[in-house]
Amino acid sequence: MTKLGEYLAKKSVNKSMVARKTGLSKARINELTMTDTAKLRLDEMYLIALAIDTDPCEMMKILCADLSLDESDS
């Protein structure tokens, strides 16, 4: 399961509802939540956040929490 999948599961979100509200296919939602190599596009993340009544910035902070800048070039 991907970070998005874990995030949606933690919030008890129905993926079919997300697909319906966002216009993304159920197959794409499943790919984004189950396939680790799937790349979540910004427009998809924004629509998903709106569909589940979540602030897109907060959702992005959670999904990208493990990312950081390389401090060795400072």
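Residues numbered from 1 in each chain as written. Predicted model: local features only at pLDDT ≥ 70, side-chain atom pairs only at ≥ 80, totals over all residues. Heavy atoms only, no water.

Asks: Just give me the short version of the UniProt feature "domain: HTH cro/C1-type" (unreviewed entry) in the protein chain, but keep the residues and values in it.
Replies: When the UniProt feature table is mapped onto this chain, "domain: HTH cro/C1-type" (unreviewed entry) is found at residues 3-61. Annotation note: span residues 3-61, helix share 69%, strand share 0%, distance between end C-alpha atoms 12 Å. (UniProt positions renumbered as here; feature names shortened; annotations may be inferred. Helix = DSSP H or I, 4+ residues; strand = E, 2+ residues; numbered from the N terminus.)

Asks: Can you explain the layout of surface pockets? Please cite residues and give values.
Replies: One way to see where empty space is left: roll a probe the size of a water molecule over the atoms. In this structure, the largest pocket spans a volume of roughly 450 Å³. What lines the largest pocket is a set of 18 residues, and nearest its centre among them are Lys3, Ala38, Leu40, Leu63 and Cys64. Every element with two or more residues in the lining of the largest pocket is listed here: helix H1 (3-10), helix H4 (42-51) and helix H5 (56-63). Taken together, the residues of the lining of the largest pocket break down into ten nonpolar, three polar and five charged. (1 Å grid on protein atoms, 1.4 Å probe; cavity = no way out; pocket = protein on both sides within 12 Å on 5 of 7 lines; lining within 4 Å. Points joined across faces, edges and corners; volume = space filled by probe spheres on them. Nonpolar A, V, L, I, M, F, W, Y, C, P; charged D, E, K, R; others polar.)

Asks: An account of H5 is requested, with residue identities and associated values reported.
Replies: Burial in H5 covers these residues: Pro56, Met59 and Leu63. Across the axial projection of H5, the buried residues extend over an arc of 60 degrees, all falling on one side. At its buried positions, H5 is contacted by H1 and H4. (Buried < 20%, exposed > 50% of the residue type's maximum accessible area, 1.4 Å probe, protein only. Arc of directions from axis to C-beta. Contact = heavy atoms within 4.5 Å.)

Asks: Describe in detail the nonpolar core, supporting the description with residues and values.
Replies: Grouped together as the largest cluster of nonpolar side chains are 16 residues, with contacts concentrated most on Leu4, Leu8, Ile48 and Met59. Elements that contribute at least two residues to this core include exactly H1, helix H2 (15-22), helix H3 (26-34), H4 and H5. When residues no more than four places from it in sequence are discounted, the contact partners of Leu4 are Leu32, Thr33, Leu40, Ile48, Met59 and Leu63. (Core = buried A, V, L, I, M, F, W, Y, C linked by side-chain atoms within 4.5 Å.)

Asks: How would you sum up the side chain of Thr2? Please name residues and give values.
Replies: Of note, Thr2 is situated in the segment before H1. With a relative accessible area of 10%, Thr2 lands in the buried category. A distance of 3.1 Å separates the side chain of Thr2 from the backbone nitrogen of Gly5, its partner in a polar contact. Not counting chain neighbours up to four residues away, the residues in contact with Thr2 comprise Leu32, Thr33, Met34, Thr35 and Asp36. (Polar contact = N/O pair within 3.5 Å; in protein donor to acceptor, adjacent residues only side chain to side chain.)

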